[in-house]
Amino acid sequence: MTTQQTRRDFLKITGGTAGAALLPFLKAIPAEAATRDVLVAVSGQSINSLDLHRTGTNRASYQVAVNCYDRLVSFGTKTAPGGGLSYDYSVIEPELAESWTISEDGLTMTFKLKSDATFWDGRKVTAADVKWSFDRAVSVGGFPSVQMKAGGLMRPDQFEVVDEETFVIRLDRPSKLTLPDLAVPVPFIINAEVAKANATEDDPWAMEYLHKTPAGSGAYKVATWEPGQQLVYERNDAWVGGPLPAFKRVVLREVPSPATRRALIERGDVQLSFNIPNKDAAELDAVDGVDVYSTPIENCIHCLCPNFSFEPFQDANVRKALAYAIPYEAIFQTAAYGRGAPMWGGETEINDTAWPRKSPYMTDMVKAKELMAASAYADGFEVPLSISLGLADWMEPTALLLQEAFAEIGIRTEIEKIPGANWRTAALVEKRLPLHLENFGGWLNTPDYYFFWAYKNGHLFNSSNYLNPEIEELVDATLHIPMDDPQYEPNIKRMFEIAFEDLPRIPLWQPALNVAMNDASGYEFWFHRQLDIRPLTGASA
């Protein structure tokens, strides 16, 4: 669906609060929300699968892997900037593994499993389940397999079952990313016996079955899933991966309207509203009884992405004209409400490896027009500017301001609004959008990891179809080496130089993730930007 809309129209539409037309949403929230054992949360995101390994599974669905499955290890917890809790990238803690050792040469990792860990059906979790799950993750292709590859995990022959409780990983080379890569959502442990019983010759990894029926050992089971409506979690009282969660049931309602979600949290009809718009975060900060947590998202940048498959964007002058035409400050104040960190107007000379970092570009319409005049497209051109309806709170006001600015340099855009459930396929899998907004955040907190996903040819978040042979070589050479290696810093600096010259991704700002709570506590920010319900408690806990 493609629509034309002015910024004034947008502000008229979004300026009000929840009215009578939105009241049916309020009535749809279960009455059990008021009970002590149940938490009700709302989100504007739509879950499209219960299996993270499935092709096309969207980011909102990652939370199922977090809450319903275990990994061998997890990250620790620390106090977040500005208050609240955050995961701690520097601390690795046990989850299914009781302990682990790493050989002196860094090539062999041996994990001892917890002897009392069981799946939901009561069967003991064994090393054979871990191997089957890892074999699946490296074999299904796409995002899961590339994520495993980032940690040096590429082939089933790297995984060995020593005995029922001992699992071994053998690496081709030591990597700084392997152990933290085991703590991301992807390498989750599946009940292999259940999965194999529901596999077929055409579907050896039980993708169709696990798409709708998780089979894990995690803190919560899926009681019901109504796509587009709600997901209900039920606590697994036999969980040994961490402290038993406080809530017996968690109801996650999908409520597309930000105004409705705001009304629900203000009234106390729900206890948590996840990923709220920046405008609401700024205003709810002043509401009694509502706690707002705004956490800067590490290794994440909101970007404008020109697709190199679209001929005009193969012209470097056109890409640079875009970068100079962008009204950065107006976008930051209108779409982000000043929350997060600006990513423009940085130094031209690169003297360190700080990341995310400001690009050297800034708003300069004179220079933008000069670059367009020097390009092969001096008369301008038409191009759709694509956004996700699932991320409309920041993408839509950003797109409207970009539309106005680009018209001044002869680039005429129509804003294409793509449903959130289809966005990942269009932008990241098919990579077919000529000009679009994007918001990749790297799970492992190093710049080379960001480049691995967003700048390497064919990788999922390289939605610009960008290919630079030097970037390919630099990322491969840098990804696994320690950060104190003599080659690390010069390699990273060179990556930055190329990225700002080629501009497959034009940085706008580093966002914050906003969460509002009413009569609940214990929220913990995670790099995957999804809700971990396990540590949540009542406000008085």
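Calculation rules
Each chain carries its own residue numbering, running from 1 in the direction its sequence is written. In keeping with the predicted nature of the model, local features appear solely for residues at pLDDT of at least 70, side-chain atom pairs appear and are counted solely at 80 or more, and the whole-chain, interface and lining totals rest on all residues. Only hydrogens and water are set aside; all other atoms, that is, all heavy atoms of the structure, feed into the side-chain values. For helices the rule is a DSSP run of H or I covering at least 4 residues; for strands it is a run of E covering at least 2, with both sets numbered from the N terminus onward. Our radius of gyration is a C-alpha quantity, and the globule rule it is checked against amounts to 2.2 Å times the number of residues to the power 0.38. In this scheme, a residue with accessible area under 20% of its type's maximum is buried, one over 50% is exposed, and one in between is partly exposed, where area comes from a 1.4 Å probe on protein chains only. Any two residues whose heavy atoms approach within 4.5 Å at even a single point are treated as in contact. For two strands to pair, DSSP has to find at least two bridges joining them. Pairing of aromatic rings covers Phe, Tyr and Trp, the last through its six-membered ring, and needs centres within 6.5 Å; plane angles under 30 degrees mean stacked, over 60 mean edge-to-face, and all others mean tilted. The rule is short: NZ of Lys or CZ of Arg within 6 Å of the ring centre and within 35 degrees of the ring normal puts a charge over the ring. Working convention: axes come from line fits to C-alpha atoms, limited for helices to the stretch in contact. Angles between N-to-C directions cover 0 to 180 degrees. In this description, a nonpolar core means a group of buried Ala, Val, Leu, Ile, Met, Phe, Trp, Tyr and Cys residues linked to one another through side-chain atoms lying within 4.5 Å. pLDDT expresses, on a scale from 0 to 100, how confident the predictor is about each individual residue.

Brief notes about the overall build of the protein chain
Thought 1: For the protein chain, the helix and strand inventory stands at 18 helices and 23 strands.
Thought 2: Computed over the C-alpha atoms, the radius of gyration of the protein chain is 23 Å, within 12% of the 24 Å expected from 2.2 N^0.38 for a compact globule of 541 residues.
Thought 3: Expressed as lengths along the three principal axes of its C-alpha atoms, the size of the protein chain is roughly 70 × 60 × 45 Å.
Thought 4: Split into buried and exposed, the 541 residues of the protein chain put 58% on the buried side.
Thought 5: Across the protein chain, every contact between residues at least 6 apart in sequence was considered, and the portion connecting residues at least 24 apart equals 72%.

Let's talk about the sheet that holds strand 4 (residues 85–94)
Strand pairing within a sheet occurs via backbone hydrogen bonds; the two strands may be parallel or antiparallel.
Thought 1: Read from one edge to the other, the open sheet built from 3 strands follows the order 3-4-22, with strand pairing classed as mixed. The open sheet terminates on both sides in strands that have one partner only, identified here as strand 3 (73–79) and strand 22 (524–525).

Structural notes on the packing of aromatic side chains
The relative placement of two aromatic rings is captured by the distance of their centres and the angle of their planes.
Thought 1: Applying the stated criterion across every chain, the model contains 46 aromatic pairs.
Thought 2: Relative to tryptophan 344, the ring of tyrosine 328 has its centre 5.4 Å away and its plane inclined at 15 degrees; by these criteria the two rings are stacked. Taken together, the residues tyrosine 328 in helix 12 (residues 328–335) and tryptophan 344 in the loop between strand 15 (341–342) and helix 13 (365–374) connect sequence positions 16 residues apart.
Thought 3: With a relative accessible area of 13%, tryptophan 344 lands in the buried category.
Thought 4: Sitting above the plane of the phenylalanine 143 ring, arginine 424 keeps its charged end 5.2 Å from the centroid.

Some words on the sheet that holds strand 20 (residues 512–518)
Thought 1: Ordered in space as 9-10-11-2-12-20-13, the 7 strands form an open sheet in which the pairing is mixed. Each end of this open sheet is capped by a strand with a single partner; those strands are strand 9 (220–226) and strand 13 (290–296). Adjacent strand axes in the sheet meet at a mean angle of 20 degrees when their direction is disregarded.
Thought 2: The pairing of strand 2 (residues 38–43) with strand 11 (residues 249–254) spans 6 bridges and is parallel. Counted as the bridge partner of serine 43 is glutamate 254 from strand 11.

Some words on the nonpolar core
In globular proteins that are soluble, nonpolar side chains generally tend to be buried together.
Thought 1: If you look at the biggest cluster of nonpolar residues, it comprises 157 residues, and the most contacted ones within it are Phe111, Phe134, Ile169, Phe406, Phe451 and Tyr523.
Thought 2: Aside from chain neighbours lying at most four places away, what touches isoleucine 169 is Leu107, Thr108, Met109, Phe111, Phe134, Leu153, Gln158, Phe159 and Leu182.
Thought 3: Listed in part, the 15 residues of the second largest apolar core include Ala281, Val290, Val292 and Ala516.

Digging into unusual backbone geometry
Trans is the prevailing form of peptide bonds, just as negative phi is the prevailing case for residues other than glycine.
Thought 1: With omega at -5 degrees, the peptide bond leading from tryptophan 355 into proline 356 counts as cis.
Thought 2: By secondary structure assignment, the location of proline 356 is in the loop between strand 15 and helix 13.
Thought 3: Positive phi outside glycine occurs at asparagine 299, with the angle close to 55 degrees.
Thought 4: Positionally, asparagine 299 belongs in the loop between strand 13 and strand 14 (302–306).
Thought 5: Within the chain, lysine 431 stands out as a residue other than glycine whose phi angle is a positive 50 degrees.
Thought 6: For lysine 431, the location among the structural elements is in the loop between helix 15 (420–429) and strand 18 (435–438).

Let's talk about the confidence of the model for the protein chain
Thought 1: Considering every residue of the protein chain, the mean pLDDT works out to 92; 93% of them sit at 70 or more.
Thought 2: Taken together, the stretch residues 1–34 has pLDDT below 50 and engages in 53 contacts with residues farther than four places along the chain or on a different chain.

Looking at helix 5 (residues 142–150)
Thought 1: The buried fraction of helix 5 is high, at 7 of 9 residues.
Thought 2: Listed as buried for helix 5 are Phe143, Pro144, Ser145, Val146, Gln147, Met148 and Ala150.
Thought 3: Phi turns positive, to about 80 degrees, at glycine 152, one or two residues after helix 5.

Brief notes about the pairing of strand 4
Thought 1: Note that strand 3 and strand 4 share 7 bridges and pair antiparallel. Looking at strand 4, one finds that threonine 77 is bridged to tyrosine 87.
Thought 2: When strand 4 meets strand 22, the two strands line up parallel, connected through 2 bridges. From the neighbouring strand, serine 86 faces strand 22, where its bridge partner is phenylalanine 525.

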